[in-house]
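Close look at the chain arrangement
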Amino acid sequence: EDQVTQSPEALRLQEGESSSLNCSYTVSGLRGLFWYRQDPGKGPEFLFTLYSAGEEKEKERLKATLTKKESFLHITAPKPEDSATYLCAVQAVGGAQKLVFGQGTRLTINP
Amino acid sequence: DTGVSQNPRHKITKRGQNVTFRCDPISEHNRLYWYRQTLGQGPEFLTYFQNEAQLEKSRLLSDRFSAERPKGSFSTLEIQRTEQGDSAMYLCASSSRDGSYEQYFGPGTRLTVT
């Protein structure tokens, strides 16, 4: 069964303090790994898709990387507005279209 | 592109009542998904439509849950005889047919069963 585990569950940083979030996954065959941002009471907001090991994507202060077993979301010099829950999900090859999500990392950036 | 919309945003119901939620996907997206999310957890897949055909259903989708997508446009999710364990955020997402696999989510419907 496909599985995603994210760590840490919660992370508190000072503004400007860079760090990384981890997403470990097991999947029968990876079609894509997805990162989402979710603010309280709202739906997930799409950030990145990664398709193969070694791939990297960047957007503002965020950079996502992928290996065969895990993905990292690096946050450089974060600002308070980066505070949110970050969700990682995988989609397996084949007919299945569903995303399998991890439980998320709740990130708080203190000014 | 107006994004995925869901109605209502909040629903409070008494145990045993039926509820129905609506999802309008991004226009021209032929794939539509329903997920359920409880506090502190990631979304869990419920069901998937390609056009009007329901192609995947999770084991989480008990007989009390039914989803439709008539004419391949909007979708409805109905829960019959609601239970307190049904309290959750119900999320709808859509994706396009162009080979990219990103799913774009709506704001969700928060269901509270009392």
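This text follows the structure it describes.
Definitions and limits used
Residues numbered from 1 in each chain as written. Chains lettered and ligands numbered in written order. Predicted model: local features only at pLDDT ≥ 70, side-chain atom pairs only at ≥ 80, totals over all residues. Heavy atoms only, no water. Helix = DSSP H or I, 4+ residues; strand = E, 2+ residues; numbered from the N terminus. Buried < 20%, exposed > 50% of the residue type's maximum accessible area, 1.4 Å probe, protein only. Core = buried A, V, L, I, M, F, W, Y, C linked by side-chain atoms within 4.5 Å. Polar contact = N/O pair within 3.5 Å; in protein donor to acceptor, adjacent residues only side chain to side chain. Contact = heavy atoms within 4.5 Å. Pairing = 2+ DSSP bridges. Axes fitted to C-alpha atoms, helices over the stretch in contact; angles between N-to-C directions. Disulfide = S-S within 2.5 Å. Buried area = accessible area lost by both parts, 1.4 Å probe. Salt bridge = Lys/Arg side-chain N within 4 Å of Asp/Glu carboxyl O.

All right, on to the overall build of chain A then. Per the secondary structure count, chain A includes zero helices and 11 strands. For chain A, the sequential pattern of α-helices and β-strands runs β-β-β-β-β-β-β-β-β-β-β. Taken along its principal axes, the extent of the C-alpha atoms in chain A is 45 × 30 × 20 Å. By the burial criterion, 46% of the 111 residues in chain A qualify as buried.

Attention now moves to the nonpolar core. Grouped burial of nonpolar side chains is what soluble globular proteins tend to show. One finds Leu-33, Trp-35, Leu-73 and Tyr-86 of chain A to be the most contacted residues of the largest nonpolar core, which totals 23 residues. Secondary-structure elements contributing two or more residues to this core are β2 (10–14), β3 (19–26), β4 (30–38), β5 (45–50), β7 (62–66), β8 (70–75), β9 (84–92) and β11 (105–110) of chain A. It is β9 of chain A that contributes the most residues to this core, four residues altogether. If you look at the next biggest cluster of nonpolar residues, it comprises 19 residues, including Val-4, Trp-34, Cys-92 and Leu-111 of chain B.

Residue and element names in this part refer to chain A. Checked against the element boundaries, Pro-8 lands in the loop between β1 (3–7) and β2. Owing to a relative accessible area of 30%, Pro-8 belongs among the partly exposed residues under this scheme. Taking the C-alpha atoms as reference points, Pro-8 and Gly-54, separated by 46 residues in sequence, lie 23 Å from one another.

Along the chain, the position of Thr-49 of chain A falls in strand β5. For Thr-49 of chain A, a relative accessible area of 2% corresponds to the buried category. Within the structure, the side chain of Thr-49 of chain A is placed 3.0 Å from the side chain of Glu-102 of chain B, a separation counted as a polar contact. Thr-49 of chain A has contacts with Leu-33, Phe-34, Glu-55 and Lys-57 of chain A together with Glu-102 of chain B, leaving out every residue within four places of it along the chain.

On to the environment of Asn-110 of chain A. All names here are of chain A. If you trace the backbone, Asn-110 turns up in strand β11. Counting along the chain gives 63 residues from Asn-110 to Leu-47, while the straight-line C-alpha distance between them is 22 Å. Other than its neighbours up to four places away in sequence, Asn-110 contacts Arg-12, Leu-13, Gln-14 and Glu-15.

Turning to the sheet that holds strand β1 (residues 5–7) of chain B, a few remarks are in order. Residues and elements named next belong to chain B. In space, the four strands of this open sheet follow the order β1-β3-β8-β7, with antiparallel pairing throughout. Edge strands, defined here as strands with exactly one partner in the open sheet, are β1 and β7 (65–68). Between one strand and the next, the sheet's axes are offset by a mean angle of 15 degrees, whatever the strand orientation. Inspection of the sheet shows strand β3 (residues 19–24) paired to strand β8 (residues 75–79) by five bridges, in the antiparallel sense. Pairing of Cys-23 across the sheet is with Ser-75, part of β8.

Scanning the model with the defined rule gives two disulfides over all chains in all. Note on cysteine connectivity: Cys-23 of chain A is disulfide-linked to Cys-88 of chain A, with sulfurs 1.9 Å apart. Linking Cys-23 of chain A and Cys-88 of chain A, the disulfide has an S-S dihedral of approximately -60 degrees and is accordingly described as left-handed. Separated by 65 residues along the polypeptide, Cys-23 of chain A in strand β3 and Cys-88 of chain A in strand β9 bring together distant segments of the chain. By relative accessible area, which is 0% here, Cys-23 of chain A ends up buried. With a relative accessible area of 0%, Cys-88 of chain A lands in the buried category. Between the sulfur atoms of Cys-23 of chain B and its disulfide partner Cys-92 of chain B the distance amounts to 1.8 Å. Negative torsions about the S-S bond denote left-handed disulfides, and the value of about -65 degrees found for Cys-23 of chain B with Cys-92 of chain B makes this one left-handed.

Facing 23 residues of chain B, the contacting portion of chain A comprises 22 residues. For the pair chain B and chain A, the summed buried surface comes to about 1,600 Å²; carbon and sulfur atoms form 56% of the total. Considering only the surface of chain B that becomes buried against chain A, Tyr-101, Glu-102 and Phe-105 of chain B emerge as the three largest contributors, covering 31% of it. Here chain B and chain A share zero salt bridges between them. Seen at the junction of chain B and chain A, the total is seven residue pairs in polar contact (both at pLDDT 80 or more).

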